[in-house]
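# Structural overview
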Amino acid sequence: MIYWEIFLAFFIPGILGYGGGPASIPLVENEVVNRYEWMTTQEFSEVLALGNSLPGPIATKMAGYIGYAEGGWLGALVALFATVAPSLILMVALLSLLLKYKDSPRVKMMSSLVRPTIAVLLGVMTWGFFADSIEASGGIQTAVLALISFVLMEKMNVHPALVIAGALLYGAVFLGG
Amino acid sequence: MKKNKNQANLFMAFFRVGIFGFGGGPASITLVHKEVVKHYKWMNEEEFSDVLALGNAMPGPIATKMAGYIGYRVGGLTGLFNAIAATIVPTVAAMILLLATLNAYRDVAWVNGMSQAVIPVVAVMLGVLTWDFIKKSSSALGWLITLFLVGASLLFLEWLNVHPAILIAVILAYALLFGHKGKKGKAGRKHRGDPQ
């Protein structure tokens, strides 16, 4: 039954996540942490952090790893299938229909109206990560790390992978004690 | 012979997209564009932006939708599976290897320190993404409607504990039924070809 659960946990974010893979991450978290309790928020955020330090689509990296952790290689396959297949099958099958309606206001409205909700889901998740970090390493460490990484990534355009690598190094040296 | 060549090219194109695209699928769309339109010329600009607009009109990860559809057009069903595998397999394998290694050393103090230090960085990335979504929706819907929808979503999700899937399904159904009463696709056209 674990494979059916894995399928559902990734199928639902896959068909409801408008805005690409990153937008579906809070939905994945909801299934994996809140519903099936496969991971704690802390574990999920570590997986997400490492996922962000590697290249490639984030949704499939999360699905592949979590599927593997819960159900081995078959679990990874099931999770990847559930993430990728439904929307892709729809896209290939309904192509002519969609080409006709792609500029339809209804279709545009679907992705526009859902965006604020996705923003709230992402915002709540952001808040959760900050709360976890304050609990684990204290308010000062959290604030300093957040501020420095914000300036590096957003103001100085340093590559996110480099910032994560820097944070890993900092943590190994200063937070390991 | 040409067929095999095509499959090999498909694999290389999406393999490069997968391993050089940092920041998730939407961030790697420019790389897909480079391979598909500029390098291999499988599609022209017009076709590519149509496929991208279509992909954005559908839910789910954008990178695999693009890979699957372009793979299908260039090399049939084999092409579809080929392009998807090239996009996701290398990075998923790297992810599993990295995390398995890390988990083996979970109790070592400095490994623990590493995973602590990385959480605020991810929080910042998510915060920036949140802000992107708010900005995009205010340019499509205006600030007033955006703030109203943000407030309403907060209320339903956090205080009334509605499952996000249910809330999103209701919003999608509403847009499908009443969406044509909005501004007639004008705002939408401006965002054509926008990966988000």
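These figures come from a predicted structure and were not determined experimentally. (Residues numbered from 1 in each chain as written. Chains lettered and ligands numbered in written order. Predicted model: local features only at pLDDT ≥ 70, side-chain atom pairs only at ≥ 80, totals over all residues. Heavy atoms only, no water.)

### Looking at the UniProt feature "transmembrane region" (unreviewed entry) in chain B
All names here are of chain B. Operational definition: UniProt positions are given in the numbering used here, feature names are shortened, and annotations may be inferred rather than shown by experiment. In this description a helix means any DSSP run of H or I spanning at least four residues, a strand means any run of E spanning at least two, and both kinds are numbered starting from the N terminus.
Taking the UniProt record as the reference, the feature "transmembrane region" (unreviewed entry) is found at residues 12-32, 79-105, 117-134, 141-157 and 163-180. This span, residues 117-134, is 100% helix and 0% strand, and a straight line between its end C-alpha atoms measures 27 Å. Split by type, residues 141-157 is 94% helix and 0% strand. Its first and last C-alpha atoms lie 21 Å apart.

### Some details on the interface of chain B and chain A
Cut-off, in case you're wondering: By definition, residues are in contact when any of their heavy atoms lie within 4.5 Å. Note on definitions: buried area is the accessible-area loss of two parts on being combined, 1.4 Å probe, summed for both. A 3.5 Å cut-off defines polar contacts: any pair of N or O atoms within that distance qualifies, except that in protein one atom must be a possible hydrogen donor and the other a possible acceptor, and neighbouring residues in sequence count only when both atoms are side-chain atoms. Nonpolar residues are Ala, Val, Leu, Ile, Met, Phe, Trp, Tyr, Cys and Pro. Charged residues are Asp, Glu, Lys and Arg, and all others, Gly as well, are polar.
Taken together, the contacts link 93 residues of chain B with 97 residues of chain A. Carbon and sulfur atoms make up 79% of the surface buried where chain B meets chain A, a total of about 8700 Å² over both sides. Summed over the shared surface of chain B and chain A, the result is four residue pairs in polar contact (both at pLDDT 80 or more). Listed by contribution, the elements that provide at least two residues to the side of chain B that touches chain A are helix 1 (2-20), helix 3 (45-57), helix 4 (62-104), helix 5 (109-141), helix 6 (143-159), helix 7 (164-178) and helix 8 (186-190) of chain B. Its residues placed into classes, the side of chain B that touches chain A shows 59 nonpolar, 26 polar and eight charged.

### Considering the side chain of A:Glu29
Inspection of the secondary structure puts A:Glu29 in helix 2 (residues 21-35). Dropping the residues within four chain positions of it, A:Glu29 is found in contact with A:Asn34, A:Thr41, A:Phe44 and A:Met125.

### Section: the packing of helix 3 (residues 41-53) of chain A against helix 4 of chain B
The description of two helices packed together rests on the angle between their axes and the distance between the axes. Defined as follows: Throughout, an axis means a line fitted to C-alpha atoms (over the contacting stretch in the case of helices), and angles, computed between N-to-C directions, take values from 0 to 180 degrees. Every angle not falling under 35 degrees, over 145, or within 65 to 115 is termed oblique; those three ranges are roughly parallel, roughly antiparallel and roughly perpendicular. The handedness criterion is simple: a crossing whose near helix is rotated anticlockwise from the far helix by less than a right angle is left-handed, and one whose near helix is rotated clockwise is right-handed.
Closest axis-to-axis distance for the helix 3 of chain A/helix 4 of chain B pair is 10 Å, and the angle between their directions is 130°. Judged by the angle between their axes, helix 3 of chain A and helix 4 of chain B are oblique. Both helix 3 of chain A and helix 4 of chain B take part in a crossing whose hand is right-handed. For the pair helix 3 of chain A and helix 4 of chain B, contact is made by A:Val47, A:Leu50 and A:Gly51 and by B:Met95, B:Leu98, B:Leu99 and B:Leu102, respectively. Of the residues assigned to the contact of helix 3 of chain A with helix 4 of chain B, the class counts are six nonpolar, one polar and no charged.

### Thoughts on the nonpolar core
Let me state the cut-off plainly: Only buried residues count toward a nonpolar core, which is a set of Ala, Val, Leu, Ile, Met, Phe, Trp, Tyr and Cys residues joined through side-chain atoms within 4.5 Å. Working definition: with a 1.4 Å probe on protein chains only, accessible area under 20% of the residue-type maximum means buried, over 50% means exposed, and in between means partly exposed.
Counting 81 residues, the largest nonpolar core has A:Phe10, A:Phe44, A:Leu48, A:Met62 and A:Ile66 as its most contacted members. Residue contributions to this core peak at 15 residues, all from helix 5 of chain B. The contacts of A:Leu48, once residues within four sequence positions are left out, are A:Ile25, A:Ile58, A:Met62, A:Met125, A:Phe129, B:Val122 and B:Leu126. Ranked by size, the runner-up nonpolar core spans 25 residues in total, among them A:Met91, B:Tyr40, B:Ile62 and B:Ala86.

### Topic: the packing of aromatic side chains
The test is simple: For Phe, Tyr and Trp, where Trp contributes only its six-membered ring, two rings pair if their centres lie within 6.5 Å, and the inter-plane angle classes them as stacked under 30 degrees, edge-to-face over 60, or tilted in between.
Under the defined criterion, the tally for this structure stands at eight aromatic pairs over all chains. Following the ring pairs from residue to residue traces out a cluster consisting of A:Trp4, A:Phe7 and A:Phe11.

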